[in-house]
Every structure is written in C-alpha cells, then in structure tokens.
Amino acid sequence: NPTTRISFSIPEFGFTTIIAYDIKGREIETLTHTNLNPGNYSIDWNASSYPSGIYLIRMDSDDFTQIQKVVLIK
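Residues numbered from 1 in each chain as written. Predicted model: local features only at pLDDT ≥ 70, side-chain atom pairs only at ≥ 80, totals over all residues. Heavy atoms only, no water.

## Digging into the pattern of salt bridges
Here's step 1: All chains considered together, the criterion is met by three salt bridges.
Here's step 2: Residue Arg 5 is joined to Asp 44 by a salt bridge in which the shortest nitrogen-to-oxygen separation is 2.9 Å. Of this pair, Arg 5 sits in strand 1 (residues 3-10) while Asp 44 sits in strand 4 (residues 39-46); the two residues are 39 residues apart in sequence, bridging distant segments of the chain.
Here's step 3: Residue classification places Arg 5 among the exposed positions, given a relative accessible area of 56%.
Here's step 4: Accessibility expressed as a relative area gives 45% for Asp 44, which makes it partly exposed. (Salt bridge = Lys/Arg side-chain N within 4 Å of Asp/Glu carboxyl O. Helix = DSSP H or I, 4+ residues; strand = E, 2+ residues; numbered from the N terminus. Buried < 20%, exposed > 50% of the residue type's maximum accessible area, 1.4 Å probe, protein only.)

Laid out in structure tokens, this is it:
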C-alpha cells in the first residue's frame, strides 16, 4: 500500500510546513503549508506515483525542525 499516515503534534499556534524529499534531497511534494492550532494531527501521504526507496519527511514549525526517514516499499 503506497499510502502512509504521518502523525505529528503542534505545541503552540504556528505556521507549519511538511515536505517530502527523495534521498538526493530533491523536494517532491508539499504535504502541508498552513497555520495550525495546538494539537495532534495526521496527514495521509499517497506515494503511489513514486518508486520504492528511501524518502525524507521534513517538518518545520516556527523554531522547530525535524526530519524523519521513511521507506516506501511497493
């Protein structure tokens, strides 16, 4: 199944961006780019148009940045 759920929490109101990158660091898809209130969220990423491999998911929210590695297996 090429769809994966990405769950995250926002501790305070802020502009949040989540972007998927390929292993070479090229941006392939913006998953969210909006202001979010504090709380728990989840985003479904449909990666059916991408080949199997390793991808990076980067989340930026105000002063916070986190990068997670995900493996897509078809």
